[in-house]
Amino acid sequence: MRPRPDDFQERSKHLQNMTDEELNAYFWQLVEKVVDPLVELARTHTSPSIERSVLLRMGFNSLEAKKLVDMIFERGLLGKGAGHIVWRIAKEHNIDYIEAGRRMINGQYWDEVDRIFKGVKHNG
């Protein structure tokens, strides 16, 4: 196996006259190019078991995680992320996310979930 030729000076010419701020902006632009497809893949390739796993790691028990995922799945919102939905409701109400999830299991906040994640407007 041959060693790779050191062509860094040639490959880095377009970077050499950039300021630190420009390099920083360019770095984050490249990071987005790498991460965006991963974010899209995660958005389109989740499953109930993955979402239950997320909720379990957040501290919900298995029965709570299953119920929340089932309720979110029924609304067609699994791709939004079960943990994200619960966290967002908790943030909206300035309460602990475990409490928010338990209230959701008891039927609270679903109009709000629909409004936030589906853009559905409810009367009242």
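Residues numbered from 1 in each chain as written. Predicted model: local features only at pLDDT ≥ 70, side-chain atom pairs only at ≥ 80, totals over all residues. Heavy atoms only, no water.

Labelled according to an unreviewed UniProt entry, the chain appears under the name D-ornithine 4,5-aminomutase S subunit, originating from Fervidobacterium gondwanense DSM 13020.

For the rest of this paragraph, the subject is the nonpolar core. Counting residues in each nonpolar core, the largest one holds 23 residues, and the members touching the most others are Leu55, Phe60, Ile72, Ile85, Ile89, Met104 and Val113. What methionine 104 contacts, discounting residues up to four positions off in sequence, is Leu68, Met71, Ile85, Val86, Ile89, Tyr109, Trp110 and Val113. (Core = buried A, V, L, I, M, F, W, Y, C linked by side-chain atoms within 4.5 Å. Buried < 20%, exposed > 50% of the residue type's maximum accessible area, 1.4 Å probe, protein only. Contact = heavy atoms within 4.5 Å.)

Turning next to helix α4 (residues 62-74). In a regular helix each residue adds 1.5 Å, so 13 residues correspond to 18 Å; α4 covers 18 Å between its end C-alpha atoms and thus fits that length. Listed in full, the buried residues belonging to α4 are Glu64, Ala65, Leu68, Val69, Met71 and Ile72. Across the axial projection of α4, the buried residues extend over an arc of 160°, all falling on one side. The exposed set on the far side of α4, more than 90 degrees from its buried face, consists of Leu63, Phe73 and Glu74. Residues of α4 that are buried in the fold lie against α3 (48-58), α5 (82-93), α6 (97-105) and α7 (110-118). Its side-chain oxygen at 3.0 Å from the backbone nitrogen of leucine 63, asparagine 61 defines the N-terminal cap of α4. Directly after α4, the chain includes glycine 76, whose backbone phi takes a positive value near 75°. (Helix = DSSP H or I, 4+ residues; strand = E, 2+ residues; numbered from the N terminus. Expected span 1.5 Å × (residues − 1). Arc of directions from axis to C-beta. Polar contact = N/O pair within 3.5 Å; in protein donor to acceptor, adjacent residues only side chain to side chain.)

Let us now look at unusual backbone geometry. A positive phi angle, near 55°, is found at asparagine 94, a position not held by glycine. Examined against the element boundaries, asparagine 94 turns out to sit in the loop between α5 and α6. Residue classification places asparagine 94 among the exposed residues on the basis of a relative accessible area of 73%. The residue tyrosine 109 is not glycine, and still its phi comes out positive at about 75°. Relative to the helices and strands, tyrosine 109 is located in the loop between α6 and α7.

A few words on the packing of α5 against α7. For the pair α5 and α7, the least separation of the axes is 11 Å and the interaxial angle reads 110°. When the axis of α5 is compared with that of α7, the two are roughly perpendicular. You can see that α5 and α7 cross each other, and the crossing is right-handed. Of α7, the residues touching α5 (which contributes His84, Ile85, Arg88, Ile89, Glu92 and His93) are Glu112, Val113, Arg115, Ile116 and Phe117. (Axes fitted to C-alpha atoms, helices over the stretch in contact; angles between N-to-C directions. Parallel < 35°, antiparallel > 145°, perpendicular 65-115°, else oblique. Left-handed = near helix turned anticlockwise from the far one by under 90°.)

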